[in-house]
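# Examination of the molecular architecture
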Amino acid sequence: MSDSTAIANGAAAEAHHEHPPYQRHHFETVDQQFDATNFAMWLFLLTEIMFFGGLFTAYLIMRNWYYPAFVAASHQLQIKWGTANTAVLIASSFTMAMGVWSAEVRRRKSLLIYLGLTLLFGLTFLGIKYIEWHEKWEKHHIPGIHYSVQSFVNPQSDPEVWNEYHDKPLQADMAQKTEEYFFLYFAMTGMHALHMVIGVGILVFMIFRAKAGAYTTGHVTFVENFGLYWHFVDIIWIYLFALLYLISRH
Amino acid sequence: MSEQDIQHEQEHHIVSPTTYAIILLALLVGTALTVLASYFDLGEWHIAPGLTLFWNPVVALAIATTKMTLVVLFFMHVKYSPKLTKLTVASGFFMFLVLIGMTLADYFTRAWGRW
Amino acid sequence: MSAATIVSLPDQSTARIPRMNFLTKENGLLSWLLTGDHKRIATLYLISITFFFFIGGALAGLIRLELLTPQTSLMAADTYNKVFTMHGIIMIFFFLVPSVPATLGNFLIPMMIGAKDLALPKVNLLSWYLYIIGGAMGVYVMASGGVDTGWTFTTPLSTHYVNTHVISTAMAAFVAGFSSVFTGLNFIVTIHKMRAPGMTWFRLPLFVWSNYAASILMVLGTPVLAITLVLIMLERTVGIGVFDPAKGGDPLLFQHLFWFYSHPAVYIMILPGMGVISEVVSTFSRKRVFGYTAVAFSSVAIAVFGFFVWAHHMFIMGISNYAALIFSLLTMLVAVPSAIKIFNWAFTLYKGSITFETPMLYAFGFMGLFTIGGLTGVFLGTTGTDIHLTETYFIVAHFHFVMVGGMLMAFLAGIHFWWPKWTGRMYPEKISQFAAVVTFIGFNFTFFPQFILGMLGMPRRYAAYPPEFQALNVFSTAGASILGVGYLLPILYLTWSLKYGEIAGNNPWQATGLEWQTQSPPLTENFPEIPIMDHEAYDYEWLERQQQEEVASVG
């Protein structure tokens, strides 16, 4: 790397301060490096807020225009899975925060346990998501060629949901708008799940590195910054849950 | 640990596991509350003819926002972060609200017709 | 043109390019392709965007050739649609957006603030690779038949009615967008966290302020474009219906989301250019920029207000009258900070010692042409007049005045200003001044008639037009040929200067700014030791004292 050769050549200038091995050479101090990378991670999260923002905007408009369709369609989501997933992600945020704490107090075993739990919770979330999506596939509620408005035009044909909610049948044109709901449902939970998958991948990488002791010698930046990402994905889900599942269950 | 490392740790407040546990509890309670609230019709507020505010989504979003605030302040350490971080977070939310708010301003005022 | 010049070069008989500099530090292709050095990455960007500029320029030539005659003579109307679409996409996403930030910004910002590199060198390299990948996808699109929706991808045309490469183009723009995001992110972190001791915010060169403001726009705006492109891709593939009225969607939703980015995008494009102008005007008037604080804050104000005005691109599209009113009012507001800058540059010139080296010629061109372009923007921000002028050549003229007469001239000003620092060599002054004048003349001949055409009612994006518009179109095309010469010349003489140009020395322009205190070309680490900033920006007295000290100590 050009940086290290530069240092070798400018060794006289650098000799007056030593620095930990994980400090990159364009930074003057470890603190500057930590501050800068932490700030960078927050800026990246800002881009993520705006990225999801477009989807939330589309959702809010469609929900406002087609409220009855959105209510009926949201009844197709089982509240038990949604609540379970919310609890799972909140727990995973807790274990992630505890992981960061473990790195900060340099407890390697503790860090490994908490990262492992976070991974477990993350995979559980994805598993439950799969169950939900599979159910949508079976009931022909995935937007596209095979989409069916039967459950909305004739609610009694769908006994599980009918027994709980007794929805009124929708007119044909409003029933067709349930496809919009499901499109936004899949787009938003899909985008969220994609971010979860990326997070899970990085978690696996981190567990290997944590095992080697990379994060318990004072260099907590990676764990802390990943924690920010993970919490952000949790926050997105908190809003998705409120908006997609809890429209109206009375 | 070298001098620098000790100084480094003192400058970064380490949030205690107890705090995390309390927040976890609060978040789970919030989740239960929001699910419960969705089963009741919380009514509406007729602000003006043609302008009605329904309380259910307001409550759901309020609880969600509270949960988000707890995650941001404690799990994401923003309460103990430099001012710049707080400013950054605030500006992110602000821009998010501008995107949604100003776009919806068009949609909500279309029904008002011509002048 | 007066013969006075502030150029001060070292004795050419003894001067040499410093043996150790960022270009000679390491050799081999991998040392370039895997570099973390911001100056090398800037160089990579410079070569890449020049390549795309000429493709975009060739497409512009094709447009002007087609418009020589009222009928569709050179190409079918469908092909013409593809040509202007690709011209727009390449010029905006692959030239203008990265132009100053990715080249000059990357090169200069660490040096200007007294740092050794940007905060995240690897992310910087990633930015360049994302740009190249996006660009490669764009080239693929062109080679495989192009896209014809206009760079604005307006729905439902782009989602339901064309069978061209919309998805590939959307992906190319998506990837290039992240290049932009990461560059902006890097700049914001660097400027906040890596300033040298003594380098307070208000001692920063205004170039840094402008790039900082543009970076905020990049970070907050570009992701909305990203999600919009994703939605377009989904609409075309799965047919979800969020933009399809038949399925309950709204085509206007696309426009809201698209312009939420694309309006700030124009400020992303212009702000760094304004930063260049601040530096150039100051140096070639030997005066600190008048109203430094006002210029600095106006950059940030443009960035902030720029987020609140996007629907002025949608006045005739079906937004509510109330929304149109609000967005029109806000558009008036956003013009104010830009005007503040022009006034401050003018006051900088007043009672300054003005010389007319090439960068200054381009800067003068910028100030005049950007003012015209900006004022016509006010006409367009007024809903009443916009209804008549929108989608005509008036719009085309407006944005070419600000983007080409403004931004491209600023880019060339910056390239010429910092070329000696970048390469260690001067370019031939007479030819470069000639090229600047040719560009200015060519530009006016090309685009001024288009204002008239627009007012007379010629629509944009049409291959055929009523015959009464032909005279002005021919005039415009003639101007375009002159403009082409003006842009070709710098490529030739700048390349020539790499081998044969005079040795520049550290500070040929007698400029203030930390970058001028280092060797040309700079060392990889910029500074052997981090400098301590102890004077205000544009402090020409400090510079004079410095030079006297040097003379005294050498003598």
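Up top is the structure these notes are about.
Summarised in this report is the structure supplied together with it. (Residues numbered from 1 in each chain as written. Chains lettered and ligands numbered in written order. Predicted model: local features only at pLDDT ≥ 70, side-chain atom pairs only at ≥ 80, totals over all residues.)

### Regarding the overall build of chain B
Each helix and strand in chain B was counted, giving four helices and two strands. Taking all 115 residues of chain B together, 27% fall into the buried category. (Helix = DSSP H or I, 4+ residues; strand = E, 2+ residues; numbered from the N terminus. Buried ≥ 20, exposed ≤ 12 C-beta atoms within 10 Å, placed from the backbone.)

### A look at the overall build of chain A
Helices and strands together make up the secondary structure of chain A, namely eleven helices and zero strands. Secondary structure elements in chain A, listed N-terminal to C-terminal, are α-α-α-α-α-α-α-α-α-α-α. Put simply, chain A has 250 residues, and 50% of those count as buried. Within chain A, contacts between residues separated by at least 24 positions form 75% of all contacts whose residues are at least 6 apart in sequence. (Contact = placed C-beta atoms within 7 Å.)

### Quick notes on the interface of chain A and chain B
Each partner contributes residues to the interface: chain A has 38 residues there, and chain B has 39 residues. Where the side of chain A that touches chain B is concerned, the elements lending two or more residues are α3 (30–65), α5 (79–104) and α11 (221–245) of chain A. Classifying every residue of the side of chain A that touches chain B by side-chain character gives 24 nonpolar, ten polar and four charged. (Nonpolar A, V, L, I, M, F, W, Y, C, P; charged D, E, K, R; others polar.)

### Overview of the packing of helix α7 (residues 206–237) of chain C against helix α8 (residues 251–283) of chain C
All names here are of chain C. Between α7 and α8, the least distance of the axes is 8 Å, while the angle of their chain directions is 165 degrees. What the angle tells us is that α7 and α8 run roughly antiparallel. Here α7 and α8 pass one another in a crossing that is left-handed. For the contact of α7 with α8, the per-class residue count stands at 22 nonpolar, seven polar and one charged. (Axes fitted to C-alpha atoms, helices over the stretch in contact; angles between N-to-C directions. Parallel < 35°, antiparallel > 145°, perpendicular 65-115°, else oblique. Left-handed = near helix turned anticlockwise from the far one by under 90°.)

### Considerations on the interface of chain C and chain A
With 42 residues of chain C in contact, the opposing surface of chain A contributes 34 residues. Sorting the residues of the side of chain C that touches chain A by element identifies α6 (166–193), α7 and α8 of chain C as the ones contributing at least two each. Sorting elements by how many residues they give to the side of chain C that touches chain A places α7(C) first, with eight residues. For the side of chain C that touches chain A, a count of residues per class yields 23 nonpolar, nine polar and ten charged.

### Description of the pairing of strand β2 (residues 51–54) of chain B
Here strand β1 (residues 44–48) of chain B pairs with β2(B) via four bridges, running antiparallel. Looking across to β2(B), one finds that Ala48(B) is bridged to Leu51(B). (Pairing = 2+ DSSP bridges.)

### Structural notes on the environment of Thr217(A)
Mapped onto the elements of the fold, Thr217(A) is located in the loop between α10 (178–211) and α11. Of the residues examined, Thr217(A) has 15 C-beta atoms within 10 Å and is grouped as partly exposed.

### Comments concerning the packing of α3(A) against α6(C)
Packing of α3(A) against α6(C) brings their axes to within 9 Å, and their N-to-C directions diverge by 140 degrees. Our classification of the angle between α3(A) and α6(C) gives oblique. The interaxial crossing formed by α3(A) with α6(C) has right-handed handedness. Mapping the contact onto sequence places Gln32(A), Asp35(A), Ala36(A), Phe39(A), Ala40(A), Leu43(A), Phe44(A) and Thr47(A) in α3(A) and Val181(C), Leu185(C), Ile188(C), Val189(C), His192(C) and Lys193(C) in α6(C).

### Structural notes on the nonpolar core
Formed by 268 residues in total, the largest nonpolar core has its most connected members in Ile277(C) and Ala413(C). In this structure, this core is formed jointly by two domains, domain 1 (3–81) and domain 2 (82–115) of chain B, each of which donates at least three residues. Setting aside residues no more than four positions away along its own chain, Ala413(C) makes contact with Val276(C), Ile277(C), Val280(C), Pro359(C), Tyr362(C), Ala363(C) and Phe366(C). (Core = buried A, V, L, I, M, F, W, Y, C linked by C-beta atoms within 7 Å. Domains from an automatic or database assignment.)

### Looking at the environment of Pro521(C)
All names here are of chain C. Following the sequence through the fold, Pro-521 ends up in the loop between α15 (470–500) and α16 (540–554). Using a count of 24 C-beta atoms within 10 Å as the deciding quantity, one classes Pro-521 as buried. Between the C-alpha atoms of Pro-521 and Ala-504, which are 17 residues apart in sequence, the distance is 9.3 Å.

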